[in-house]
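# Reading the structure
These are the residues of each chain, in order.
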Amino acid sequence: MSIAEAYEMPPAHQPLVPPYPPRAPDSMSTLSRLAAIRNSTIGSWTQQAYEDDVIRGRFFGRNSFIFNTPDAIRHVLIENYENYTRTPAGIRVLRPMLGEGLLLAEGRAWKHQRRTLAPAFTPRAVMTLLPHMVSAIDETIATLDARHDTPVDLREVMQRMTLEIAGRTMFSFGMARHGAALRDFVMEYGNRLARPHLLDLLLPLGWPSPQDISRAFFRRRWTRFVQALIAERRAAGKSEGAPPRDLFELMVAARDPETGVAFTDAQLGDQVATMILAGHETTATALFWALYLLALDPAIQDEVAAEVRDIAANSTAGLDRLAFTRAVIDETMRLYPPAFLIARAAAGPDTVAGMQVAPKDVVLIAPWLLHRHEKIWPEPNAFIPARFLPGAPPPDRFAYLPFGVGPRVCIGAHFAIVEATLALARIVGHFRVDLEDRSPVMPVGVVTTQPDRSPLFRLTRR
Ligand code: HEM
């Protein structure tokens, strides 16, 4: 059966193969490989990584493994997940921003936080946040509409919009007053402190690297800023008797279901920082790539626009019925998973896929590789949203992991899917999206799957 038949595509539609980086050469010196990893981990993988079940390497005297098979992934992320913690380099780079929040917590502290926060992220709780999402998206569209005939940097617009959504869903207030400062913090950290330096990788966690000193200064300013946001939100008062208005109220009200304990202010600060940071850049990246793909593939874009038109002009109630728009988001995150790598360090010895894993070895699951693995997907590099339509053969549970899987799966996955589907539907329902600048945009893997530059788009009102 051809791919067109398998996914019931119109026979004339040749799937688009959007740009992706060339495979790294098979033989490279350690130094060149290190330089390639620092530039973009995605570009450091060879063709073999897209064909093999296990890729074994050495990383600063330790073994590293990339596992590409369902059994190995199930073992690491589910069956024996407690043996696999965040890596020292990940902790070093993220802790100054995220503190002891959910993403970096381990063991009992993590279990307590996860149990406590889970009710704030159920589909029902996310629905209460919908009006904040809709208002921020519609204000973005109105701003774009006012200058719809000038070329626009949609990557920046998506970053601002998702930050605004993060701020409003967290605190109710618009980010007009604090958005610029928040954005400056995020940019400063990303540009100056988030990329690990050599000493960050070599030194044990207890020994501060030169970068750690700058990170500590940054943390002091950052926590002050977050606490000021919290104080302002507290001053705005609670919605007595009414359902919680925002994530902050949900988090303040959250109690550990087993112990009844609430978060302290310092813990709330770290959760606020974690949710804003883990949520906004990833979703902006997904939306950027979705708009880029739709600009390259006008036939698919027309299908999204037609679906949005049919479903009562983007009503929020129609969200569940935006099956094609949702499939575009799913397929975008297959081709450009915002989190391209899930990294763990082994706490104790283990055997995975026949490999002996020693304590401190690095174990990697790479959504980027899995999502383009030649053994898993027909035409792995082609953009075919129909793969994700209801009725299409569902992908293996461990072959498609934009949000990870198992106990540490992304807590904001539903939130992100709702936000991205809604934003894409409303933007494409309103504008035809074209590229002003058509030279290829390459994905670069640094923290998230970033475009190597921000192309200009042209929007035309529909
Ligand atoms: C398209 C958007 C997003 C993507 C692709 C994404 C992806 C991921 C991935 C891959 C993980 C890690 C899984 C692991 O280490 O095993 C994760 C964890 C996490 N994400 Fe997301 N995420 C997104 C949006 C969000 C949003 C909107 C929020 C919050 C509002 C959020 C909050 C978190 C948190 C707190 C964790 C840590 C969970 C834990 O360790 O228990 N994410 N995310």
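Let me sum up the structure you'll find in this document.

Cut-offs applied
Residues numbered from 1 in each chain as written. Predicted model: local features only at pLDDT ≥ 70, side-chain atom pairs only at ≥ 80, totals over all residues. Helix = DSSP H or I, 4+ residues; strand = E, 2+ residues; numbered from the N terminus. Expected span 1.5 Å × (residues − 1). Buried ≥ 20, exposed ≤ 12 C-beta atoms within 10 Å, placed from the backbone. Core = buried A, V, L, I, M, F, W, Y, C linked by C-beta atoms within 7 Å. Contact = placed C-beta atoms within 7 Å. Near = placed C-beta within 6 Å. Nonpolar A, V, L, I, M, F, W, Y, C, P; charged D, E, K, R; others polar. Pairing = 2+ DSSP bridges. Axes fitted to C-alpha atoms, helices over the stretch in contact; angles between N-to-C directions.

Between its terminal C-alpha atoms helix 17 (residues 413-430) stretches 26 Å, which fits the 26 Å expected from 18 residues at 1.5 Å a residue. Most of helix 17 is tucked away: 16 of the 18 residues are buried.

What follows deals with the nonpolar core. Grouped together as the largest cluster of nonpolar side chains are 88 residues, with contacts concentrated most on L287, A290, L291, L294, L424 and V428. If one sorts the elements of this core by residue count, helix 13 (residues 265-296) sits on top with 18 residues. What L287 contacts, discounting residues up to four positions off in sequence, is M158, A420, A423 and L424. Of all hydrophobic cores here, the second largest spans 30 residues; its members include A72, V352, W368 and F398.

Time to look at the site of the ligand. In the neighbourhood of the ligand, 22 residues make up the surrounding shell, with G279, T282, G404, C410 and G412 lying closest. At the level of elements, helix 13 and helix 17 are the ones that each hand at least two residues to the shell around the ligand. When residues in the shell around the ligand are grouped by element, the largest group, seven residues, is from helix 13. In terms of residue class, the shell around the ligand is built from 14 nonpolar, six polar and two charged.

Here we come to the sheet that holds strand 8 (residues 362-365). Strand order in this open sheet of five strands is 1-2-8-5-3, and the pairing throughout is mixed. The open sheet terminates on both sides in strands that have one partner only, identified here as strand 1 (54-59) and strand 3 (84-85). With four bridges connecting them, strand 5 (residues 342-346) and strand 8 associate as antiparallel partners. Each residue of the ladder has a partner; that of A345, found in strand 8, is V362.

Tracing the chain through its elements places G429 in helix 17. Considering only alpha carbons, one finds G429 and Q301, 128 residues apart in sequence, at a separation of 9.6 Å.

Turning our eyes to something else, we now look at the pairing of strand 11 (residues 448-451). Sheet analysis places strand 10 (residues 443-446) next to strand 11, joined by four bridges and oriented antiparallel. Paired with V446 across the strands is T448, a residue of strand 11. Connecting strand 10 to the next strand, strand 11, in antiparallel fashion are one residue, including V447 with a positive phi near 60°.

With respect to the helices and strands, T143 occurs in helix 7 (residues 130-146). When the C-alpha atoms of T143 and V157 are compared, they prove to be 9.9 Å apart, with 14 residues separating the residues in sequence.

Even without a glycine there, the phi angle at A353 is positive, about 50°. Mapped onto the elements, A353 comes out in the loop between strand 6 (350-352) and strand 7 (355-357). Unlike most non-glycine residues, K360 shows phi in positive territory, near 75°. Looking at where K360 falls in the secondary structure, it is placed in the loop between strand 7 and strand 8.

Let us look at the sheet that holds strand 9 (residues 431-435). Backbone-to-backbone hydrogen bonds pair the strands of a sheet. The strands run either parallel or antiparallel. With antiparallel pairing, the three strands of this open sheet are ordered in space as 4-12-9. Two strands in the sheet have a free side with no partner beyond their single neighbour: strand 4 (152-153) and strand 9. Sheet topology note: the strand 4/strand 12 (residues 456-461) ladder contains two bridges and is antiparallel. Bridge pairing in strand 12 places D153 opposite L456. Sheet contacts for helix 13: strand 9 and strand 12; angle to strand 9, the most-contacted strand, approximately 85°.

Don't take any of this as a statement about function, it's just geometry.
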